[in-house]
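Single-letter residue listing:
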Amino acid sequence: MVNSKVLNAFSYSCRGILISVALVMLAGCRLLITVDETGIIISASETLDCTEGTCEIEVTDTLTETFTAIPSEGYRFVGWKGICRPYPSNTCHVKLSQLPEALEAFEGDMFLSAEFEPSTSMRPWYRDEDGDEYGSPLETVMAYERPDGFALNDRDCADDNGDVFPRAKEVADGRDNNCNGKVDEGFVERSFFYDGDRDGFGNPQVSQQQTFAPEGYVDNGMDCDDESATDHPEATEIADGRDNNCDGLVDEGGEEYFRDVDGDGFGTALDTTMALEPVEGYVSEDGDCDDNNDAIFPGAEEQFDGIDNDCDGETDEGLVTQTYYLDVDRDGYGVESETRTDTDRPSGYSTRAGDNCPEVYNPIQADIDNDGIGNACDTFTDSDEDEVQDSVDNCPSIHNPLQQDSDEDGLGDACDETDSSNDRDDDRIADNEDNCPDTYNPTQSDSDEDGLGNACDDENGLDIDEDGWPNEEDNCPEVFNPSQADTDEDGIGDTCDTVNNNPGNGGGNGGGNGNGNGGSTACSLSSEEQSMLNAVNSFRSQPQDCGSNGSFPAAGALTWSCPMADAALTHSMDMANNNFFSHTGSDGSSAGTRMTNAGYSWSRWGENIAAGQTSVSSVMNAWINSDGHCANLMNSSFTNFGSGKFTNTNSQYRVYWTQKFGRPR
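If you're wondering where the values come from, they're calculated on a predicted model, not measured in any experiment.

Here is what the cut-offs are and how they apply
Residues numbered from 1 in each chain as written. Predicted model: local features only at pLDDT ≥ 70, side-chain atom pairs only at ≥ 80, totals over all residues. Heavy atoms only, no water. Helix = DSSP H or I, 4+ residues; strand = E, 2+ residues; numbered from the N terminus. Buried < 20%, exposed > 50% of the residue type's maximum accessible area, 1.4 Å probe, protein only. Areas by Shrake-Rupley, 256 points an atom, 1.4 Å probe, with all protein chains shown as cover. Pairing = 2+ DSSP bridges. Axes fitted to C-alpha atoms, helices over the stretch in contact; angles between N-to-C directions. Core = buried A, V, L, I, M, F, W, Y, C linked by side-chain atoms within 4.5 Å. Contact = heavy atoms within 4.5 Å. Salt bridge = Lys/Arg side-chain N within 4 Å of Asp/Glu carboxyl O.

K.L.:
If you had to explain the overall build of the chain to someone new, which residues and values would you point to?
P.N.:
Scanning the chain from terminus to terminus reveals 5 helices and 27 strands. Out of the 665 residues in the chain, the part that is buried amounts to 43%. In the structure as shown, the chain presents an accessible area of about 34300 Å², 47% of it carried by carbon and sulfur atoms.

K.L.:
Lay out the sheet that holds strand β8 (residues 109-118) with the relevant residues and their values.
P.N.:
With mixed pairing, 4 strands are arranged side by side in an open sheet as β4-β2-β8-β6. Edge positions in the open sheet fall to β4 (54-59) and β6 (75-82), since each of these has one partner strand only. Put simply, the sheet's adjacent strands are angled 20° from each other on average, direction ignored.

K.L.:
Report on the nonpolar core, specifying residues and quantitative values.
P.N.:
Counting residues in hydrophobic clusters, the biggest one holds 29 residues, and the most contacted among them are Leu 31, Ile 33, Ile 41, Phe 67, Trp 80 and Leu 112. Of all the secondary-structure elements, those providing two or more residues to this core are β2 (29-34), β4, β5 (63-71), β6, β7 (91-97) and β8. If sequence neighbours within four positions are ignored, Leu 112 has contacts with Leu 31, Leu 32, Ile 33, Thr 34, Ile 41, Phe 67, Trp 80, Lys 81, Ile 83 and Cys 84. Core analysis: the next-biggest nonpolar cluster, separate from the first, contains 24 residues, Tyr 361, Met 532, Leu 533 and Phe 539 among them.

K.L.:
Describe the pattern of salt bridges, listing the residues and the values that go with them.
P.N.:
Think of it this way: side chains of opposite charge can pair up when their charged atoms draw near. All told, the structure shown has 12 salt bridges when counted by the stated rule. Between Arg 242 and Asp 225 there is a salt bridge, with its nearest N and O atoms 2.8 Å apart. Within this pair, whereas Arg 242 is found in the loop between β14 (217-218) and β15 (255-259), its partner Asp 225 is found in the loop between β14 and β15, the two being separated by 17 residues in sequence. We classify Asp 225 as partly exposed; its relative accessible area is 23%. We note a salt bridge from Glu 607 to Arg 594, for which the minimum N-O separation is 3.0 Å. Residue Glu 607 is located in strand β25 (residues 602-611), and its partner Arg 594 is located in helix α3 (residues 591-597); the two are separated by 13 residues in the primary sequence. Classification of Arg 594 by relative accessible area gives buried; the value is 8%. The network of salt bridges with shared partners includes Arg 30, Glu 56 and Asp 109.

Right, here's the structure in full:
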């Protein structure tokens, strides 16, 4: 049986001389391991195993190895001979060093062998209570095999202490540690000092001469107060009127601390205390000029607030201020009478003054009659000064107080370059230039480019309502209805069907917004379209706060796209003619699909819708005060824009608006 208890390894030089100096100019020696049929000796490295006869090992360098004696069948290990003789178990740790050249005359061989005996007879085994491989002669057992808790030998003199056994190191503790019959041999008596407070430091006035420390004594007499465990040479000095560290001084090294009420790390010199270590509620830095405000302290960032924030004796120093104007309608223009001076633009204020309509969104500040009241607010606008309000003036840009309109086409003679005699179909295109002069066709579509407009060209598929459907296929050929919606499937499109034109899908006043992915094409704009584009770009030109969607920096101006405008107008007409309000068309189409069908190839798109507003300024005001629509307006990824407005007096909200935003592929 092999016990795992490991003793201190033995170091040998050749001839058994212990060497502890550096090994240089080494001489050689041999280790001779001898075995017979009773057992073998193996090595942990497996390079020095000896299984037969005598094995010679040349020692040319320091050799460290662990050997184990393995008995043959029918035998048991008894003990070692040679260099491992002191080991009580069958495992031995060896270190061999060569002799220096100066001592080579003493070189020779070292020997190692193991003693085995037949296991066919019983032998005495000795109780090994402390597991140190040495047994006690007081308790023996006769057995063939080694019982658990027993050893081969009876040389232990204290079997209740694993640190006491033959060849253990003797220490000064009043015990025979190495079982040689002597106590504390090799040690001399010295002074030990009574440690009454058990702090590791003794009273220099109370001592004993012993080879080891008696109970309650230590080997120093450095305590200055042996009744206080907190006072000794290694203690930290505190402010308590005592010499805590036994250096002969009381409360030395104290520091001044300053009261820090607001917890900003700086205290006030009006309330101080001396202490050897930090005190709760006090700090080592003073200079706080307002100890009731944690935002005010030396080094704080100066704010524009009339307060000395950084405690340097100056107020608002180094800050550049500007006057801002209250901008209630958020159109980029404020009111001169409502100002605020600050270093940054406050929310709801503008850098520009002079809003000619302070409560209505009007970023272009249009004032067609130059009366100082913007068009958005002016209840009477007369730009041609003919005493006829522009909203009802049949030629608002030219003075025409008589409002003559010979052809009764709604356009006054002062502006109408085409008389009824030259424009039979009232499409405002002279007959000599009209490709279908007897049929109203303001778009002049001519798909086969034969000079005959689609509205008249039977060979090209007559399409008098110009909705992309030939008359013979159009379920409502005289009314523009590109979706061809027919809810009751009676063959009559909803836009013409008086029985089931409005099947109950209602709408809602206000606006909606949606996002997706878009391309762009530039073309001419009507005055209302230009006003809408100007209003959008003016809003985008300044940073805006879109509520729950966050704040946005100023964004680049958008360019007009005809396909996007067509898609916008198509959806506004769809909502107006079919009396609903949604981003989803009456045919189930999405905003992105409508843009694609209109010819716009997009990578991103967005859509705002609204209903009920009668002017660009009022609908823009509704959109910018809605967080989602505001976010679409300020989205910097969009580059193109188009919008469309359509009125149907028979629908719930009469006027319907659609804005399209996009970025091309």
